[in-house]
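Understanding the architecture of this molecule
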Amino acid sequence: MVWIPGEDYQDLCDLGEKCSTCPSQFVMFITILSLIFGQSRDKNLPREIPKKLDFIIVGAGSAGCVLANRLTEIKNWKILLLEAGGEELKINELPSSSFILHGSNVDWTYKTEPEESSCLANNGCPMPRGKVMGGSSSTNGMLYVRGSPSDYDNWAKLGNKGWSYKEVLYYFKKSEDNRDDNIVKANPFYHKKGGYLPVQKVLYNDTNVHLLSKAWQELGYENIDVNADKQIGVMSAQTTTLNGRRQSTNDAFIRPIREKRKNLFIETEAFVTKVIINSKKKAIGVEYTNKYGKKKIVMAQKEVIISAGTVNSPKLLMLSGIGVSQELKKHNIKIIKDLPVGRNLHDHVTVGGLRIKLNKTSTKKSLKKRIEDVELYLKNQTGPLATMGPLQCITFVKTNLEKQQRVPDIEYNYVPFDSKGHVTTPNSYNMITIFTIVLNPNSRGTITLNASDPIWGAPIIRHGFFTKNPDRERLLEGIRIFLSLFKTKVFQKNEMTLDKKPFPLCKKWQFNTDDYWFCMMRYYTGTDYHPVGTCKMGPKSDSEAVVDSQLRVYGIKSLRVVDASIMPKITRGNINAPTIMIAEKASDMIKNYWRWKFF
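Here we summarise the structure given alongside this text.

On to the overall build of the protein chain. A count of helical and extended segments in the protein chain gives 16 helices and 25 strands. When burial is assessed residue by residue, the protein chain has 63% of its 599 residues classed as buried. The contacts in the protein chain between residues at least 6 apart in sequence include a share of 71% that link residues at least 24 apart. For the protein chain, the exposed surface amounts to about 23,900 Å²; the carbon and sulfur share of it is 50%.

And the structure:
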């Protein structure tokens, strides 16, 4: 497998009309990156899959790779890990690449349905999901954020025994290998070293990260460790990187053991289409199509574990006869268990309408200088390509609509753009787009099967953004809070100014009025790529629950779901770290169950 950039970047000068929408030097730079980093460094020598397997894991993403590592610690268990995408590529390892991986061949390229309340400008919101070993941990922004302790305490209050913050903190720490001695020393209760997952602050110093942090501190926000006892403030992010390289769950949990553990079997480019469930309603195997187009069936003696993510896990359950009966009947799928699969979809909704023009601190440079950055990175994994640029600075604030004390409801992400409004790599940008993100949305959506092609077609994703109050009002207040930064001495001294040019579909409204921002929410909504909840964890009394607190699918034996789709309610921060925690905890649940099953 080689990296194929998204449509906007595939050609150099033969773009025709697209030349006007994509700067030629940037396209050329993307092409150079694809030539240098487009290959995998994995040998991809799969072992022959044995006839007798103990566990089958569907999906080698943030959760699946962790599960495969932990379950193969039991030497006499044979584990098969199936991944629809290919081997991870060198481009995935480049921290600065996350902005250009979306839309490429390591992405499922999903898009939400346009709805009256949102996602209208682009006929739906793009919702990238990693289609590669490591899943979305191989394509995300690498921010390591656990969320608020109250998030997990609320999970427990909903009837999910064992999921309070006190109980899950152990599993966050179990994974962690925090390389920042100062952080570990300052907050030893919350951090540790020695786990599989390196966590490290990016070593390269981006001037704008420093200025953003100083401006927030000028407004009275503390410099914090968001993964410790305070979640409101600003910080230079802890990231899933190691010495200038991304640490996906594939890199952190699979590569160290792949050749050593003979009980681990991996097949990539394996598209699972069905969980095989017998007459006793027990999951006994899966059916999939391999990269040669051949249909195969593999059987599991103990369990089938679905870790395909918030979009694909409910899709696979529905294709297997588990879901809302009315939905399954539409597709002539035999109903095995009527469950609210695909409901409770929610995400961190965002709008990127605030833009900072960088008049003194622009990093814009020529193609020649950009190539020098590539050479520097190849030499010792340093320089601006070893970073995410302004995204390193993350900020959490509390609006007046948040009723809990000391808990944020807004996060800000800072993404490098050029002056024409194109996302770019962190080594050359002269504008920062601020994405104001609602951390605790009330709105809910659904995932259903594709009407024309339920198996191979992309599922229908309806987010339902802004269909519940006060999501819209919370986002508006978040925007207003950020605008205060333009009055700080830091911004004024460094000539960091607000771009007041209105977006085309909202130019009939005066810029910065409430009506303007409500228009932006309707047409230019975005997702922060954190979908959760479609296979909700909850007690039997919860009419929306799909799995119990042990992540077992209700009414089906030997079948679990382990990924972000089980979250009953989204966490207040980026979801990669919580998903890894879920897999760590699930691994122990599975081990304990089978250890005591026959005693």
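So, about the sheet that holds strand β6 (residues 197–201). Read across the open sheet, the three strands follow the order β5-β6-β8; overall the sheet is mixed. Of all strands in the sheet, those bounded by a partner on one side alone are β5 (176–178) and β8 (238–239). Looking at chain direction, β5 and β6 are connected through three bridges and run parallel. Looking at β6, one finds that N178 is bridged to V199. Together, β5 and β6 form the strand contacts of helix α6 (residues 165–175), whose direction differs from that of β5 by roughly 60 degrees.

Attention shifts here to the packing of α6 against helix α16 (residues 576–596). Interhelical geometry of α6 versus α16 gives an angle of 105 degrees and a closest axis separation of 9 Å. The orientation of α6 relative to α16 falls into the category roughly perpendicular. Residues V168, Y170, Y171, F172, K174 and S175 of α6 lie in contact with α16, whose contacting residues are A577, P578, I580, M581, E584, K585 and D588. Of the residues belonging to the contact of α6 with α16, the class tally is eight nonpolar, one polar and four charged.

Before going further, it helps to spend a moment on the side chain of D177. By secondary structure assignment, the location of D177 is in strand β5. Exposure remark for D177: the relative accessible area of 12% places this residue in the buried category. Excluding its chain neighbours within four sequence positions, the residues that come into contact with D177 are K192, K193, G194, G195, L197, P198 and V199.

Now for the packing of aromatic side chains. Applying the stated criterion across every chain yields a total of 26 aromatic pairs. Ring geometry for F189 and Y190: centres 5.0 Å apart, planes at 90 degrees, overall edge-to-face. With a relative accessible area of 54%, F189 lands in the exposed category. Residue Y190 is classed as buried on the basis of its relative accessible area, which comes to 15%. One aromatic cluster is present, built from ring pairs that chain together W216, Y221, Y412, Y414, F482, F486 and F491. Across from the ring centre of F189, 5.5 Å away, lies the NZ or CZ of K173, which sits over that ring. Residue placement shows R560 over the ring face of Y593; its charged tip is 5.7 Å from the ring centre.

With that out of the way, let us pick up the pattern of salt bridges. All chains considered together, the criterion is met by 33 salt bridges. A salt bridge links E327 to K330; the nearest nitrogen and oxygen atoms lie 3.6 Å apart. Placement of the pair is E327 and K330 together in helix α11 (residues 325–330), with a separation of three residues, close to one helical turn. Looking at K330, the relative accessible area reads 63%, which means it is exposed.

With that settled, consider a nonpolar patch on the surface. A surface patch of nonpolar side chains, amounting to about 290 Å² of accessible area, comprises L35, I36 and L378. With respect to the helices and strands, L35 occurs in helix α1 (residues 24–37).

Looking now at helix α12 (residues 367–380). Taking 1.5 Å per residue as the helical rise, α12 with its 14 residues ought to reach 20 Å, and the 20 Å between its terminal C-alpha atoms agrees with that figure. Where α12 is buried, its residues contact α1, α3 (90–93) and β10 (245–246). A positive phi of about 55 degrees marks Q381, the residue just after α12.

Rules and cut-offs
- Residues numbered from 1 in each chain as written.
- Predicted model: local features only at pLDDT ≥ 70, side-chain atom pairs only at ≥ 80, totals over all residues.
- Heavy atoms only, no water.
- Helix = DSSP H or I, 4+ residues; strand = E, 2+ residues; numbered from the N terminus.
- Buried < 20%, exposed > 50% of the residue type's maximum accessible area, 1.4 Å probe, protein only.
- Contact = heavy atoms within 4.5 Å.
- Areas by Shrake-Rupley, 256 points an atom, 1.4 Å probe, with all protein chains shown as cover.
- Pairing = 2+ DSSP bridges.
- Axes fitted to C-alpha atoms, helices over the stretch in contact; angles between N-to-C directions.
- Parallel < 35°, antiparallel > 145°, perpendicular 65-115°, else oblique.
- Nonpolar A, V, L, I, M, F, W, Y, C, P; charged D, E, K, R; others polar.
- Phe/Tyr/Trp six-rings, centres within 6.5 Å; stacked < 30°, edge-to-face > 60°.
- Lys NZ or Arg CZ within 6 Å of the ring centre and 35° of its normal.
- Salt bridge = Lys/Arg side-chain N within 4 Å of Asp/Glu carboxyl O.
- Patch = residues over 30% accessible without salt bridge, like charges linked within 9 Å, V, L, I, M, F, W, Y side chains within 5 Å.
- Expected span 1.5 Å × (residues − 1).

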